Amino acid sequence: MKKSALLNAFGAVLLALLANFPLQAQPSEKVIFQAFQFRSVGPTRGGRVTTVTGVPSEPGTFYMGATGGGVWKTTDYGINWKNISDGYFATGSIGAIRVAATDPNIIYVGTGTDGIRSNVITGKGVYKSTDAGKTWTHMGLEKAGQIGAVEIHPTDPKTVFVAAMGQAFQNNEERGVYKSTDGGTTWDKVLYDSDSVGAVDLEFAPNNPNIVYAAMYRFKRTPWTIISGGYQEGGIYKSKDGGKTWEKKTKGLPQGLIGKIDLGVSAADPLRLYAIVEAPVKEQGLYRSDDQGESFVHVSDNEDLVNRPFYYTNVDVNPLNASDVFSQANPGIRSRDGGKTWTRLNPPHGDNHDLWINPNDSMIWIQSNDGGANVTLNGGVSWSPQNNQPTAELYQVEVDDQYPYWLYAGQQDNSTIAVPSAPPYDHPSGAVGYWMAVGGCETGPAVPKPGDPNIIYSNCKGRFGVYDKRTGQEKQYYVGASNIYGHNPKDLKFRFQRVAPVHASFHTPGVVYHGSQYLHKTVDDGKTWEIISPDLTAFETDKQVISGSPITRDVTGEEYYSTIYDINESRLKEGLIWVGANDGPVHVTKDGGKTWANVTPNMPKGGRVDCVEPSPHQEGKAYVAVLRYQLGDWKPYLFKTTDYGANWTAITNGIPDDQPTRTIREDPEKEGVLYAGTEFGLYISFDDGANWESFQQNLPVTPITDIKVFRNDLILSTMGRGFYIMDNISALHSIKTVSSKGAHLFKPETAHRFRYRYNGEGKYPEYPDAAVTIDYYLKDKSESDIILEITDKDGNTISSFTSAARPKSDKGSTDMATGFFTKGGKPGLPNKAGSNRFNWDLTHMGAWSADTRRAFSNGPMVSPGTYTANFTIAGNTYSESFDVLIDPKAADAGVTQEELLAQEKLALQVRDLLSEASHLEDDIKQAVKALDGNKSGNARKKLMALQALQDQVTTPEGIYMKPMLVDQIRYLSFMLNRADQMPGKDAYDRYEELSDLLSKIKADYSGMVDINSKR
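Scope of this entry: the structure provided in the associated data block. It should be emphasised that the depicted structure is a prediction, and the values quoted were computed from it without experimental measurement.

With respect to the pairing of strand β36 (residues 452–460)
Then step 1. Extensive coverage of β36 is indicated by the burial of seven of its nine residues.
Then step 2. When strand β35 (residues 446–449) meets β36, the two strands line up antiparallel, connected through four bridges. Along β36, the bridge assignment pairs A446 with S458.
Then step 3. As consecutive antiparallel partners, β35 and β36 are separated by two residues, and within that stretch G451 has a phi angle of approximately 90 degrees, a positive value.
Then step 4. Strand direction decides the pairing type here: β36 and strand β37 (residues 463–468), joined by six bridges, are antiparallel.

Structural notes on the sheet that holds strand β5 (residues 82–83)
In sheet architecture, strand pairing relies on hydrogen bonds along the backbone and comes in two forms, parallel and antiparallel.
Then step 1. Here four strands make up an open sheet; going across it, the order is β2-β3-β4-β5 and the pairing antiparallel. Strands at the two margins of the open sheet, each flanked by one partner only, are β2 (49–55) and β5.
Then step 2. Note: β2 against strand β3 (residues 58–66), six bridges, orientation antiparallel. Counterpart to V55 in the pairing with β3 is E58.

Observations regarding the pattern of salt bridges
Then step 1. With the rule as written, the count across this model stands at 55 salt bridges.
Then step 2. Between K889 and D887 there is a salt bridge, and its shortest N-O distance comes to 3.6 Å.
Then step 3. Using a relative accessible area of 8% as the deciding quantity, one classes D887 as buried.
Then step 4. Among the ionic contacts, a cluster of salt bridges with common partners joins R48, R117, D370, E393, D413, E442, K461, R498 and E558.

A short note on the sheet that holds strand β7 (residues 107–111)
Then step 1. Read across the sheet, four strands follow the order β6-β7-β8-β9 without closing on themselves; strand pairing throughout is antiparallel. The open sheet has two free edges, formed respectively by β6 (94–99) and β9 (137–138), since each of these has just one partner strand.
Then step 2. Relative to strand β8 (residues 126–129), β7 is paired through four bridges, and the arrangement is antiparallel. Its bridge partner being in β8, I107 is matched across the sheet by S129.

Describing helix α5 (residues 897–931)
Then step 1. Between its first and last C-alpha atoms α5 spans 51 Å; for 35 residues at 1.5 Å apiece the expected length is 51 Å, and the two agree.
Then step 2. Once α5 finishes, G933 follows within two positions and takes phi at roughly 100 degrees, a positive value.

Digging into the packing of aromatic side chains
Then step 1. Per the counting criterion, the structure on display carries 32 aromatic pairs.
Then step 2. Pairing F89 with W136 gives two aromatic rings, centres 5.3 Å apart and planes at 90 degrees, and the pair type is edge-to-face. You can see F89 sitting in the loop between β5 and β6 and its partner W136 sitting in the loop between β8 and β9, a full 47 residues away along the chain.
Then step 3. You can call W136 buried: its relative accessible area is 8%.
Then step 4. Considering the side-chain rings of F169 and Y629, the 5.3 Å spacing of their centres and the 75 degrees angle between planes classify their relative orientation as edge-to-face. Of this pair, F169 sits in the loop between β11 (160–166) and β12 (176–180) while Y629 sits in the loop between β49 (622–627) and β50 (637–641), placing them 460 residues apart in sequence.

Quick word on the environment of M1008
Then step 1. Tracing the sequence through the fold places M1008 in the segment after α8 (985–1006).
Then step 2. In this structure, M1008 is in contact with K942, A945, L946 and L949, ignoring residues within four places of it in sequence.

Quick word on empty space enclosed by the protein
Then step 1. One pass over the full model with this rule turns up six cavities of 30 Å³ or more.
Then step 2. Taken as a whole, the largest cavity holds about 60 Å³ of empty space.
Then step 3. Lining the largest cavity, in full, are G68, G69, G70, S85, D86, G87, F89, T91, G92, V701 and R721.
Then step 4. Counted by class, the lining of the largest cavity contains two nonpolar, seven polar and two charged residues.
Then step 5. In this structure, the second largest cavity spans a volume of roughly 50 Å³.

Regarding the nonpolar core
Soluble globular proteins: nonpolar side chains tend toward being buried together.
Then step 1. Counting 32 residues, the largest nonpolar core has I261 and L263 as the members making the most contacts within it.
Then step 2. Only β14 (197–205), β15 (208–222), β21 (261–265) and β22 (273–277) provide two or more residues apiece to this core.
Then step 3. If you tally residues by element for this core, the top one is β15, at five residues.
Then step 4. Counting residues in each nonpolar core, the second largest holds 28 residues, with L920, L998, I1001 and Y1005 among its members.

Here's the deal with helix α6 (residues 937–953)
Then step 1. For α6, spanning 17 residues, the distance from its first C-alpha to its last is 25 Å, which sits close to the expected 24 Å at 1.5 Å a residue.
Then step 2. Residues of α6 that are buried: A939, L943, L946, L949, Q950 and V953. Buried residues of α6 fall within an arc of 125 degrees about the axis and therefore sit on the same side. Residues G937, R940, K941, M944 and D951 are exposed on α6 and point more than 90 degrees away from its buried face.
Then step 3. For α6, the secondary structure elements touched by its buried residues are α5, α7 (965–976) and α8.

Let's talk about the packing of α6 against α8
Then step 1. Closest axis-to-axis distance for the α6/α8 pair is 11 Å, and the angle between their directions is 165 degrees. Comparing their axes, α8 and α6 come out roughly antiparallel. As for how α6 packs across α8, the hand of that crossing is left-handed. Residue-level inspection shows L946, L949, Q952 and V953 of α6 in contact with α8, the latter providing L997, I1001, D1004 and Y1005.
Then step 2. Taken together, the residues of the contact of α6 with α8 sort by class into six nonpolar, one polar and one charged.

Rules used throughout
- Every chain is numbered independently, its residues counted from 1 as its sequence is written.
- Two thresholds apply to this predicted model, a pLDDT of at least 70 for residue-level local features and 80 or more for giving and counting side-chain atom pairs, whereas whole-chain, interface and lining totals are computed over all residues.
- Where side-chain values are given, they derive from all heavy atoms of the structure, hydrogens and water being excluded.
- Only protein chains enter the accessibility calculation, which uses a 1.4 Å probe; a residue whose area is less than 20% of its type maximum is buried, one above 50% is exposed, and one in between is partly exposed.
- Helix and strand labels come from DSSP, where a helix needs a run of H or I of at least four residues and a strand needs a run of E of at least two; each type is numbered from the N terminus.
- Here, any two strands with at least 2 DSSP bridges between them count as paired.
- The working definition used for a salt bridge is a side-chain nitrogen of Lys or Arg within 4 Å of a carboxyl oxygen of Asp or Glu.
- Helix span is expected to be 1.5 Å times the residue number reduced by one.
- Two rings from Phe, Tyr or Trp (for Trp, the six-membered ring) form a pair when their centres are within 6.5 Å of each other. A pair whose planes differ by under 30 degrees is stacked, one over 60 is edge-to-face, and the rest are tilted.
- Contacts between residues were defined by any pair of non-hydrogen atoms, one from each residue, lying within 4.5 Å.
- Cavities and pockets were defined on a 1 Å grid built from protein atoms only: a cavity is a group of points that admits a 1.4 Å probe but offers it no way out, a pocket is an open group of points flanked by protein on both sides within 12 Å along at least five of seven lines, and a lining residue is one with an atom within 4 Å of any such point.
- Grid points are joined across faces, edges and corners, and a volume is the space filled by probe spheres set on the points.
- Side-chain classes are defined by residue name, with Ala, Val, Leu, Ile, Met, Phe, Trp, Tyr, Cys and Pro counting as nonpolar, Asp, Glu, Lys and Arg as charged, and the others, Gly among them, as polar.
- To qualify as a nonpolar core, a set must consist of buried Ala, Val, Leu, Ile, Met, Phe, Trp, Tyr and Cys residues joined through side-chain atoms within 4.5 Å.
- The arc in question is traced by the directions running from the helix axis to the C-beta atoms.
- To obtain an axis, a line is fitted to C-alpha atoms, over the contacting stretch when the element is a helix, and the angle between two such axes runs from 0 to 180 degrees between their N-to-C directions.
- Just so you know how the angles are binned, under 35 degrees is roughly parallel, over 145 roughly antiparallel, 65 to 115 roughly perpendicular, and the rest oblique.
- When the near helix sits turned anticlockwise from the far one by under a right angle, the crossing is termed left-handed; a clockwise turn instead gives a right-handed crossing.

Structure representation (structure tokens):
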């Protein structure tokens, strides 16, 4: 092939590949948006993990797969975890992980968890790594849906089997068992039943890899029920020829209804095969074969073995003892006699899913549950922590109005959770010490009362409560006060979804809305409720059923259909309320519920109205996001109205057809700037929805469940990676309009004088320095130096920075003797083409130092006031003013502007004193150095005198040496800059003492050397 033809072919392939990765922005957008990055703010309490594995030859190395958070790896027995799938995987849902027995560098991952609850995230096929997870390659089967198992041939890592369950919400032909003999490059479907029956588990016979066992399973989810099992559909299959032919095994197994099945084997007895089988009562439970699956015996019908089988069902066997059997469900249990009798396990969290036991040491396990993954080195006596895995599945995000603000949500499988956006105070436990549960339960929401962040309106599966942080108690005000579990929804007086919405009015304190099929309203924080609407759902009778068929009943409220799913009142007009239902309808009232209009957009029937968003700019404008993948429809559905819902426009141009939409928000500061969260990422529109583009930035691929824009921060909740914040998006509002300019300085946002501190690279949660964010745009990278100067209202220079300086990498250190923190050196300005961001830390220029790494840093904090950023490039200067305000908490505590001005004045005097003392210190040091080695009598006498002065100025090297003048001034400087306060009398007195001492030493030095000649 000619070179030009080869290049053209390569280009075509490259374009095709780019088209298949819609989450990756085009290079121009990457440059424009590059400065806008998200930070994870936790919680670091783990979420659900459904698959784990280890490496026998590396006993400290383990892998876990989260249900929405991707693949994570530990090499130190679970003390630290690192995500290894970000940037490679198209979904965060992980179903199976296996490491090749002959080469621990080879790993196969099947995406799509097998725990098919209503918020299950679809799989996107199989991935492979040949370098222990550093890089990954997609190996196909993208339409396989949920993958229940991956098994690698014990001696040939190119031979791999995959159990494809299929799509959770629709039948599909891609279900079944797949085999590859070329390392996943190509796949053959070797076992298929029907488009409704998938493969859920696989095992090799330990003594013969040509013998393969497969569990087949009929399942499907709808929004209103779970289908798990069928009459003679599914079951256990066996192949004796490496998957070429299969035979269904039925002897001793249930002959009628059969559901989810999991298989277990042990090398200690290759003839034995265990199976946990979902079946009718008395037939369900543990089955054992002692002839490699030819026949089975029902060993146990312990109800803990088959507990919510669609969600659990897992059996594992000790590889060194075939009678030591484990079941992972709720609870986790263990049998030491081959399944006859059982005792409970005690991992750190309930709702158990998977277990891997090291075949070389059966005391080393990794186990997973709804709180993450945990490692034991002593057979389950003690475990590694689970608060080091930021994989929380969050249903929504709410924000309170304190400083710094806190974020609230329901964390699936755990509790409600509240975490701060930045450290509110020091805590000896670190970030974990800030977390709090705030009433309700895992489903949430948790909604802070406007104006009073101590009060949280919380929900738990339709149960409304009012949590008070001051008492730690939650008052209970359930609408209807009736337990909704176990009902046919058509018989319920009030149909509350388990994630029943709660909305606090922006207009009147104490007014709260709550949704069943009706909209409920309270004006007294829940003490009394009134119904202010008719049934606002479609209420199709054929969908009002007992959930869970044909075997296992499962009625938790999760499948209650025809309920209100979102409520939102306009910020512009009290009583203008929009409501969306989980079966399609959208309604609006303009008069507080007296009259209602059905304003459902023209769209396919059904679908969950996940989000209704009244515009914060126009009364009649609103947006809705509708999720229909639970009906087998993967298209995005976003709509906009400008006339109270009389007419709607579809607004999804630019969002791929396979990205279902969960949420949409309009920027409260900039009309027409919209943010949309999909099942696989984040999108932005600058033209009110006419066009969308990816705004994924540094986010992992995971569902964006909710979005809030608050104080010009973009805040996200995710179904698998917790909360994210993009700080200060004000420049984003106009970034596109200035992208053709040579350079542009955006107006900085108002900042507060917070004193919290950055917590380090790579740590979770990620807390930034308290700072003023200064955004600027460069059309091209500047070849000349760029300068940023901060001036006060009188034009005095506060501090300055340059691109010639190195970017800040030294974040500073803490003195162990005093606990005082010294910041690193002054940072340099970034000067990349595109958007750039610099954080000024609200401090004056620090004292001079001979150590250039510390010179002019660690200055005192500026007082509240108006300041100006002056940005100079290529001889042109751009200026923008901004305000710095007092910390509201300090103001509430009585700190005044006058006190802060006095503090600043004294701190600057101390800074200047430190500069003067440091200059003197360096002068004496240089003078001593010049005389060192001179053996004349006068020189030696002068040297001794200089060293005597040096001993007064410089602290000698050693352990716990007495601090001398420079360090004493520095000590006073730290004292003055630790809190917002009026300095005490001792601070002023000490300043005078140190000033007098410096004057005396300078006078003594000037008698020996003309110090003016040294400057």
